[in-house]
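# A structural walkthrough
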Amino acid sequence: MISVEWMPPLMFAGLIVFMLIGFPVAFSLMAAGLFFGVIAISQGFFDLVFLQAIPQRIFGGVLANDLLLAIPFFTFMGAILERCGLAEEMLESMSQLFGRIRGGLGYSVIIVGFVLGAITGTVAAQVIAMAMISLPIMIRYGYNMRYATGVLAASGTITQLVPPSLVLIVLADQLKTQTGSADVGNMYLGAWGPSLIQIGLFALYTFALTRLKPDWLPAAPLSDVQTNGWVLWKKCLLGIIPSAVLIFLVLGTILLGIATPTESGAMGAMGALLLAWLRRSKIANLKKQITESYQNTMRLTSMVIFILIGSTCFSVVFQGVDGGVWVEHLFANIPGGWIGFLIVVNILVFFLAFFLDFFEIAFIIVPLLAPVAEKMLAPVLLGAMDGNLQAAGNAALVWFGVMLCVNMQTSFMHPPFGFALFYLRGVAPKEVKSSDIYWGALPWVGLQLIMVGLVIAFPALVTTFLDKPPPVAINSEFDFTSGQSGEGDKASPKADENAPVRFELEKPSR
């Protein structure tokens, strides 16, 4: 006889075993959920009818989820922009603009990475495009190899945080509880502050190296600066203006309330197609490139849906064996209150990112932590939200989501498992050593972890831009708590505010 208290940790252990055997993550989640579901039924923890929640959630919460339609649109937009040559033009013009100062190529890569992150949302596209264009130039100018590889990888991963990041969309979908949610618009608003500061940290680190190690980041020779004046500025604007239009189509329409995330994604996809058509003379075999973009979009979207279906199987059974209560008790006893909770969670996510993709972390870990995060972080933001408890709960989920997004940037930079490092290794010239790529990534991982610390210490970096509804005012002339008139002076029954909140599915009586 297995005790119900042992079922949640056993489910996690079983999931690890399935993955170690070699099962894909999506099917490991399904296998672990159904396997332990059979055990739970045999032990009497819930009835067979309880598993009806799995198809209900799949059809109602996954296949009928309009927000998830934004994923193929944004993926397709990024795939098209990857092939239209926009990154090449921006990098070339920015390199000419900043090339005459020390570290100019580094600043160019950081700025272009930020702009591309706001229109593509794909790490692979940015790292590969910028590495193929900028790395040979940096090698020719004599840049330090570790700095060159590090800045290229880090500037590619910033797309994880810069809206309209796919990570923010997925996190917004997963950060839902019985009492609150983090919508995509607020996630985008909350991510702007940390993303701008992250770019500032990258630029500040580059500036510091130009002073401490000036020979590492030399200026471009005057003979290589081919254009200047208005001609150069015009070239820069021709690369930036199309990007600015796409950014407005995607982000401006959401933030102004003109379109939903799915509608803005559709407009962004159409804008990317139009931009590719306008640049068709510079694109070899445009029809083939569009076909490949459709195929890449289909693969990524299918992977996301399968992981979501698998995580639904796992989470339903997990909640059925009181997994939500187990997670809450696990983190409620951490010393240090909400600060200790955030530190432990960020350390956990940091190490999980060595082995799991951000989709897998978002679908497996985030739904389990969201109720605990809302309960522990909402009181911290109550003052910033003018005493509105509902707004504080929603803002807490946004704060928590943006924090995890900053942390999960490092999943692409972890030596030796970071995907950005794999992409960079694949396109880097043979003279670039793998050790230079791995050692070059470490300072930038440190900068990203500093950003995690800043978001923990200063939640206003995320919540300042969020909408703050008016405080809930209680008027003594109206009393909705009493059952009949004339009973206003009687003390109405009141729920214990300090009582633990349980987040679990409703189960049939045993």
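Look up a bit, the structure's there.
Fair warning: this is a prediction, and the values are worked out from it, not measured in the lab.

## Some words on the pattern of salt bridges
Counted under the stated rule, the structure contains 2 salt bridges. Residue R146 is joined to D436 by a salt bridge in which the shortest nitrogen-to-oxygen separation is 3.4 Å. Linking R146 in helix α8 (residues 145–157) with D436 in helix α20 (residues 434–457), this pair joins segments that are 290 residues apart in sequence. Assessed through its relative accessible area of 14%, D436 is described here as buried. Note that K176 is salt-bridged to D173, the shortest N-O span being 3.7 Å. Since its relative accessible area comes to 44%, K176 is described here as partly exposed. Of the residues examined, D173 reaches a relative accessible area of 7% and is grouped as buried.

## With respect to helix α1 (residues 7–21)
In this model α1 runs 21 Å from its N-terminal to its C-terminal C-alpha over 15 residues, within 8% of the 21 Å that 1.5 Å per residue would give. By the burial criterion, the buried members of α1 are M7, P8, M11, G14, L15 and F18. For α1, the angular spread of the buried residues around the axis is 115°, confining them to a single face. Those residues of α1 that are buried are in contact with α2 (25–43), α13 (286–320), α14 (323–332) and α16 (358–364). Of the residues flanking the end of α1, it is G22, one or two places downstream, whose phi is positive at about 120°.

## Considering the packing of helix α10 (residues 184–212) against α20
Their axes nearest at 10 Å, the elements α10 and α20 cross at an angle of 140°. Of the possible angle classes, the one that applies to α10 and α20 is oblique. Viewed along their axes, α10 and α20 form a crossing whose handedness is right-handed. Of α20, the residues touching α10 (which contributes P194, I197, Q198, L201, F202, Y205 and T206) are P443, W444, L447, Q448, I450, M451, L454 and V455.

Rules behind the numbers
Residues numbered from 1 in each chain as written. Predicted model: local features only at pLDDT ≥ 70, side-chain atom pairs only at ≥ 80, totals over all residues. Heavy atoms only, no water. Salt bridge = Lys/Arg side-chain N within 4 Å of Asp/Glu carboxyl O. Helix = DSSP H or I, 4+ residues; strand = E, 2+ residues; numbered from the N terminus. Buried < 20%, exposed > 50% of the residue type's maximum accessible area, 1.4 Å probe, protein only. Expected span 1.5 Å × (residues − 1). Arc of directions from axis to C-beta. Contact = heavy atoms within 4.5 Å. Axes fitted to C-alpha atoms, helices over the stretch in contact; angles between N-to-C directions. Parallel < 35°, antiparallel > 145°, perpendicular 65-115°, else oblique. Left-handed = near helix turned anticlockwise from the far one by under 90°.

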